[in-house]
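Structural characterization, general
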Amino acid sequence: MEMPNDPNADRFIEGQDDTEIIDEASMDIFPEDNDVEEMPDGTAVFTMSDYKGPSEDEDFYSNLAETLEVSDLSALAMRYLDLIDKDKQAREQRDKQYEEGLRRTGLGNDAPGGANFMGASKVVHPVMAEACVDFAARAIKEMFPPGGPVRTNIIGESTDEKTDIAERKRDYMNWQLTDQIVEFRDEQEQLLTQLPLGGSQFMKLWWDDKKRRPCAEFVAIDNILLPFAAANFYIAQRVTEVQDISDWEFENRVDRGLYRDVETIRSALEPEQTLSEKANQKIEGKQFQDGEDGLRRIYHIYTWLELEDDTHSMGESAPYIMMIDEINNEVIGLYRNWEQGDETMDKLDWLVEFKFIPWRGAYAIGLPHLIGGLSAALTGALRALLDSAHINNAATMLKLKGARISGQTQQVEVTQVAEIEGAPGVDDIRKIAMPMPFNAPSPVLFQLLGWLTGAAKGVVTTAEEKIADINANAPVGTTQALIEQGSAVFSSIHSRLHDSQKRVLGILQRINRWYLDDQRKGDIVAELPIKMEDFKRNTDVIPVSDPHIFSETQRMAQMQAVLSMMDKYPQLFDPRAVVGRMLKQIKVPNIQELMPQYTKPMELNAADENASMALGRPATAYPPQDHIAHLEAHLAFAIDPVLGANPIIAPAFVPAVLDHVKQHMMLWYTQRMDTYAEGEAGVKKEKYENVKEIRVVDRAMALASHKLTNDTQAGFQQFMPIIGKLIKTAQQLAPKPPQDAESQAILQASTAETQRRAARDQADIGFKQLELQQKESSAQRKEQLEVAMNAEDNLTEERIRTMQLSIDAARVKKEQEESAIALNENVQRNLEQSR
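Keep in mind that this is a model prediction, so the values were computed, not measured. Here the residue numbering is sequential within each chain, running from 1 through the sequence in written order. Owing to the predicted nature of the model, reporting of local features is limited to residues with pLDDT of at least 70; listing and counting of side-chain atom pairs is limited to 80 or more, with chain, interface and lining totals taken over all residues. Note that the side-chain values use all heavy atoms of the structure and ignore hydrogens as well as water.

**So, the overall build of the protein chain**
Short version of the rule: Counting from the N terminus, the helices are the DSSP runs of H or I reaching at least four residues and the strands are the DSSP runs of E reaching at least two. For every residue, the accessible area obtained with a 1.4 Å probe (protein chains only) is divided by the maximum for its type, and the residue is called buried under 20%, exposed over 50%, and partly exposed between those limits. Surface accessibility follows the Shrake-Rupley procedure with a 1.4 Å probe radius. Residue values consider only the protein chains on display as shielding.
Secondary structure summary: the protein chain contains 21 helices and 15 strands in total. Across the 835 residues that make up the protein chain, the buried fraction comes to 39%. Counting only carbon and sulfur atoms, one obtains 53% of the accessible surface of the protein chain, whose full area is about 49,200 Å².

Below, the structure is given as structure tokens:
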């Protein structure tokens, strides 16, 4: 077991947090003097207030290897070294799977598969590496935002004391994880990058006495050994962490008292490496050169032992941490692995497992299990296409044996025209050499490559890339459903990461509870009133990540849904809070400048309240005030033409004073009702909280209501006319809601349609009336028509006779004129003859 001052090793394994939510039925297993807080839902928060850390009792956490018999330690060492060899053999196939996943990424230039001829393609399809990088980028963004990975979570009744403690812890732990533990984010990003390949990865936290702060380290799965029979990491009968440290680090640990001082043999050989370690070193570009640093392997074994010499365990099976030097085959450290004062001896966690996809057994599965075959097929298909293109563009032929052309070149460059001399009798160059026939790159193989890519990415991909194809006016629920449906796998992984992150924060809280006073604090938190006692409760801070939300797209869809609902139900939302959250979601800087915080209203006298409301600031009525006197002052100000009724003051003052008057009236009402109820019936309002007194209080309030009627008439009769005028003024001053162009266009179209329908209805009514009138008078019109026709016939005959007479008269007149002309001509002729 590793001591608290160890800078690079684990000390304890934790079975449960310091504060847990437990059922009432299981509360009897805990000591009676522990702090148990019952919750409304039947659960309870259990706080282990009587436990002691290393700073309170160093003897309990001391190295037992210094006091036990050497022979007993040697027996333990031999036994557990043999068990470790068996654990290594049990997981050999697992190491091969992890190694294959690393090689499939192609980052080490040794991915298997493909042809072996000279110039054959060694390209690797990036689906495996792309999935790892994409997963890590999405996960770290949710688990470790810039502000820190911790937020508050108050369980049960939220009191000011609980809130203050939770907020202090949140601020301090966020500072720890972002500034104090400088390596934490980097180590967690390494873990998330390797998690899809290994299936399971681990994060370790411990206290470094030299640095005077907690430390964190990513532990790869190939450095964690579990027994073959283990079903779960946290309940395995033993967990072995493999550490390869230099002689310098080993001596530092001996000097600090972590390991007991024993004679050691210097190691100059390269430690035995797993297949995944070798594959990873190829990716990093590292290789072992010499044993100058003297690397040696130390096993930290978290297990259960029955030590008769341990007075604290009394020979019972208890959790311990045992440290064995592989070279010397000696136990160099042995520590109790439970907290002093814990009678149940629950083991403490210092290693936290992060799982990708849980499967049957202790080890989770990763991408090599899910898409390892598809990745191999993708690489093979891609290499086959490139090899086919290469072969078709390379010179490959068969040459007739014996048909030599001495003194001439046989290599022809591209676009070059060359001449050669053939052998006697050869008139066709194709009789000397023949190109080898190769098929061109297959289009079917190219289509297969696309299908394999889609199948491989569909395993752990999200649907966010499909959002761009959705109509911008699509319902928010449709977008949200598409995201959740397409991201079901990633969502479940994110939920497991959230749970593991919660365990990490629990370990960090325990370290703070033990060593907070010894920590080196920066200027940022030096004045923060944080105390060791604040960390006795472990349920008030949780990871900032949300197990139900794993992307910014989801959050934006939720905010759009909230905005849409606020438009429909504005009375149910606080617009300022909604808009502020939206601005924060889209990462707008300095929101306070855009949305300044309003100061809390203060208790003022009537004159100050009038001035405040006139300037557009709120005013609040308070119970101790003389409400009738305040009303007199406010309403007198309101009707003064120079003050409240002034056109430059009224728009801001009148709406505010009406709301303020309402406050005073309601406070006056409640006070008078309480006075009558208590004076006449002797009943106080506070008794309404008692179910038995509810009816008594109700009857007292009913009696008080009858007595209050006269008071309201006498007290407010003088104010009501002024209040009525103010209401009319407020209605006149109220701005009309603006209408945008779209609303106006819709209104105009609606009005035009209404008018068109009215005109059509009127025309239909007129047509029907006309049709009815025509049917009713059809007979009369027929008779009139017949009379008119008869009259017309008679008139026609009369006209014919008249015309005939006119013709006859005209003919007679014409004849008379002709006779007169003839007579006149005769007279003239006779006169001329007589002359």
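**Considering the sheet that holds strand 6 (residues 213–219)**
The cut-off we apply is this: Being paired, for any two strands, means DSSP has found at least two bridges between them. With axes taken as lines fitted to C-alpha atoms, and helix axes fitted only over the stretch in contact, angles between N-to-C directions fall between 0 and 180 degrees. By the convention used here, residues are in contact when the closest approach between their heavy atoms is within 4.5 Å.
Strand order in the open sheet formed by 3 strands is 6-5-12, and the pairing between neighbours is antiparallel. Of all strands in the sheet, those with a lone pairing partner are strand 6 and strand 12 (351–355), marking the two edges. Averaged over all pairs of adjacent strands, the angle between their axes in this sheet comes to 25°, without regard to strand direction. The pairing of strand 5 (residues 200–208) with strand 6 spans 7 bridges and is antiparallel. Paired with Lys204 across the two strands is Glu217, which belongs to strand 6. Relative to strand 5, helix 5 (residues 184–198) is tilted by about 160°, and along the sheet it contacts strand 5, strand 6 and strand 12.

**Structural notes on the pattern of salt bridges**
The following threshold applies: The term salt bridge refers to a side-chain nitrogen of Lys or Arg lying within 4 Å of a carboxyl oxygen of Asp or Glu.
Considering all chains together, one arrives at 26 salt bridges under this definition. Residues Arg138 and Asp134 are paired through a salt bridge, measuring 2.9 Å at the closest nitrogen-oxygen approach. Within this pair, Arg138 and its partner Asp134 are both found in helix 3 (residues 127–143), separated by 4 residues, close to a single helical turn. When the shortest N-O distance is used, the salt bridge between Asp349 and Arg503 registers 3.5 Å. Highlighted residues: Asp349 in the loop between strand 11 (330–336) and strand 12 and Arg503 in helix 11 (residues 488–515), separated in sequence by 154 residues. Judged by relative accessible area, which is 5%, Asp349 ranks as buried. Overall, Arg503 belongs to the partly exposed group, its relative accessible area being 31%. Through salt bridges with shared partners, a single network forms among Lys347, Asp349, Asp499 and Arg503.

**So, the side chain of Gln194**
Along the chain, Gln194 falls in helix 5. Of the residues examined, Gln194 reaches a relative accessible area of 16% and is grouped as buried. Leave out the neighbours within four places in its chain, and Gln194 touches Tyr98, Leu102, Gln201 and Phe218.

**A look at the sheet that holds strand 7 (residues 224–225)**
One key point about sheets: their strands pair by backbone hydrogen bonds, in either a parallel or an antiparallel sense. Read from one edge to the other, the open sheet built from 5 strands follows the order 7-8-9-10-11, with strand pairing classed as antiparallel. Looking at which strands have only one partner, the edges of the open sheet turn out to be strand 7 and strand 11. In this structure, strand 9 (residues 296–306) lies alongside strand 10 (residues 317–325), joined through 9 bridges in antiparallel fashion. Bridging from a neighbouring strand, Leu305 pairs with Ala318 of strand 10.

**Focus on the pairing of strand 5**
When a strand is regular, its side chains alternate between the sheet's two faces. Across the 9 residues of strand 5, 9 count as buried, placing the element largely inside the fold. Burial along strand 5 is two-sided: the residues Ser200, Phe202, Lys204, Trp206 and Asp208 and Gln201, Met203, Leu205 and Trp207 are all buried. Here strand 5 pairs with strand 12 via 5 bridges, running antiparallel. Counted as the bridge partner of Lys204 is Leu351 from strand 12.

**So, the packing of aromatic side chains**
This is how it is decided: Centres within 6.5 Å are what make two rings of Phe, Tyr or Trp a pair, Trp counting through its six-membered ring; a difference in plane orientation under 30 degrees is then read as stacked, over 60 as edge-to-face, and the rest as tilted.
Inspection of the entire model under this criterion finds 17 aromatic pairs. Residues Phe233 and Tyr234 carry aromatic rings whose centres are separated by 5.0 Å and whose planes lie at 75° to one another, so their mutual orientation is edge-to-face. In this structure Phe233 comes out as buried when scored by relative accessible area, which is 6%. Residue classification places Tyr234 among the buried residues on the basis of a relative accessible area of 17%.

**Considerations on the nonpolar core**
In plain terms, the rule: Buried Ala, Val, Leu, Ile, Met, Phe, Trp, Tyr and Cys residues that are joined via side-chain atoms within 4.5 Å together make up what is termed a nonpolar core.
Ranked by size, the top nonpolar core spans 113 residues in total, and within it Phe135, Leu192, Leu226, Tyr259, Leu334, Phe354 and Leu497 carry the most contacts. It is helix 11 that contributes the most residues to this core, 10 residues altogether. Judged by nonpolar contacts, the second largest core, of 23 residues, contains Ala614, Ile649, Val661 and Tyr676.

**Re the environment of Phe228**
Inspection of the secondary structure assignment puts Phe228 in the loop between strand 7 and strand 8 (238–245). For the pair formed by Phe228 and Lys88, sequence separation is 140 residues and the distance between their alpha carbons is 9.4 Å. If sequence neighbours within four positions are ignored, Phe228 has contacts with Asp87 and Ala90.

**Some points on helix 15 (residues 606–614)**
Listed in full, the buried residues belonging to helix 15 are Ala606, Glu609, Asn610, Ser612, Met613 and Ala614. Of the residues trailing helix 15, Gly616 is marked for its positive phi of about 85°.

**Points about a nonpolar patch on the surface**
Quick note on the threshold: A residue counts toward a patch only above 30% relative accessible area and without a salt bridge, and it is joined to like-charged neighbours within 9 Å or, for Val, Leu, Ile, Met, Phe, Trp and Tyr, to nonpolar neighbours within 5 Å.
A contiguous nonpolar patch, built from Met565, Tyr569 and Leu572 and spanning about 330 Å² of accessible area, is present on the exposed surface. Within the secondary structure, Tyr569 is located in the loop between helix 12 (552–568) and helix 13 (575–585).

**A look at a negative patch on the surface**
Inclusion rule: His is not counted here, nor are the chain ends, while Lys and Arg score as positive and Asp and Glu score as negative. For this purpose, a charge sits on NZ of Lys, CZ of Arg, CG of Asp or CD of Glu.
Judged by side-chain charge, Glu69, Asp72, Glu306, Glu308, Asp309 and Glu316 come together as a negatively charged surface patch. With respect to the secondary-structure elements, Asp72 resides in helix 1 (residues 70–90). A residue is classified by how much of its surface remains accessible, and Asp72, at 37% relative accessible area, is partly exposed.

**Describing the pairing of strand 9**
Counting buried positions along strand 9 gives 9 out of 11 residues, so the element sits mostly inside the fold. Across 8 bridges, the pairing between strand 8 and strand 9 is antiparallel. Across the sheet, Asp244 pairs through a bridge with Arg297, a residue of strand 9.

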